[in-house]
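# Observations on chain architecture
Residue-level listing of the chains:
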Amino acid sequence: PVAESAVVRRVRRGGDEGSRRPSGPGRHLRQSFLADESLEQVLQSSTFLRASQVRNFLRYICEMELAGRAAALHEYLIAVEAMGLPSSYSTDDDSSVRRRAYALRQKLDSVYANELTEARVRIEVPKGSYVPRFVQVPVSNQAVEARIGG
C-alpha cells in the first residue's frame, strides 16, 4: 500500500480551515473517499508504476484538489513542489510541466482503456488546466445485467 501524504491526512481529519466544500452531511467524506480510492487505483496500476514524475504530478494535483486548494495550482508550483525542479525553474524557458501534463493525460486514457475499465470514478485533467476532475462513471445497463445474472 502507498503511504498517505500529509495533505490527504489533513483532508481526512477535516482539513485546513475553509478547505471543505459546502455539502450535505457525509457527502464530502464519501466523495473524498471515492476520489482517494480512485487515485490509489491509478497510482498502483502498471501504467503508472514506473513513471515516477507523472505519478508525483498526479498525486500532487489530486491532493491539492481534495484539500480545496485547486485554485493555487499553477505550472511553477507543480514544477517545484511535485516534480522537484529547482526554485529557479522558469515557465518561459522550460516546458517540463506541460510535457508531463500531456504524458499524464495520455497515461490516464491508457489506464482506463486497458487496466481500470470498470472504474467507478475516473480522474480527468482537462486540456489547458492542471486541476483534476473526479468523474463518476454511470453504470451501463450491461454491467448491471451481468452483476444480477441477467
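Below is a summary of the structure that appears in this document. Predicted, not measured: the structure shown is a model, and the values here were computed from it. (Residues numbered from 1 in each chain as written. Predicted model: local features only at pLDDT ≥ 70, side-chain atom pairs only at ≥ 80, totals over all residues. Heavy atoms only, no water.)

## As for helix α6 (residues 96-114)
Here α6 spans 26 Å end to end across 19 residues, near enough to the 27 Å set by a 1.5 Å rise per residue. Along α6, the positions that sit buried rather than exposed are S96, V97, A101, L104, R105, L108, V111 and Y112. Projected down its long axis, α6 shows its buried positions confined to an angular sector of 170°, all on one face. Exposed and facing more than 90 degrees away from the buried side of α6 are Y102, D109, A113 and N114. (Helix = DSSP H or I, 4+ residues; strand = E, 2+ residues; numbered from the N terminus. Expected span 1.5 Å × (residues − 1). Buried < 20%, exposed > 50% of the residue type's maximum accessible area, 1.4 Å probe, protein only. Arc of directions from axis to C-beta.)

## What to know about the nonpolar core
Core analysis: the largest hydrophobic core is formed by 30 residues, its most contacted members being V42, F57, L58, I78, L104 and L108. Among the secondary structure elements, those contributing two or more residues to this core are α2 (27-44), α4 (52-66), α5 (75-82) and α6. Among the elements that take part in this core, α4 stands out by supplying seven residues, more than any other. Leave out the neighbours within four places in its chain, and L104 touches F48, V54, F57, L58, I61 and V125. (Core = buried A, V, L, I, M, F, W, Y, C linked by side-chain atoms within 4.5 Å. Contact = heavy atoms within 4.5 Å.)

## Some details on the packing of α4 against α5
Running from N to C, α4 and α5 cross one another at 120°; their axes reach a closest spacing of 10 Å. By the angle between their axes, α4 is oblique relative to α5. The two elements α4 and α5 meet at a crossing, and its hand is right-handed. Residues N56, F57, Y60, I61 and M64 of α4 lie in contact with α5, whose contacting residues are L77, I78, E81 and A82. For the contact of α4 with α5, the residue count by class is seven nonpolar, one polar and one charged. (Axes fitted to C-alpha atoms, helices over the stretch in contact; angles between N-to-C directions. Parallel < 35°, antiparallel > 145°, perpendicular 65-115°, else oblique. Left-handed = near helix turned anticlockwise from the far one by under 90°. Nonpolar A, V, L, I, M, F, W, Y, C, P; charged D, E, K, R; others polar.)

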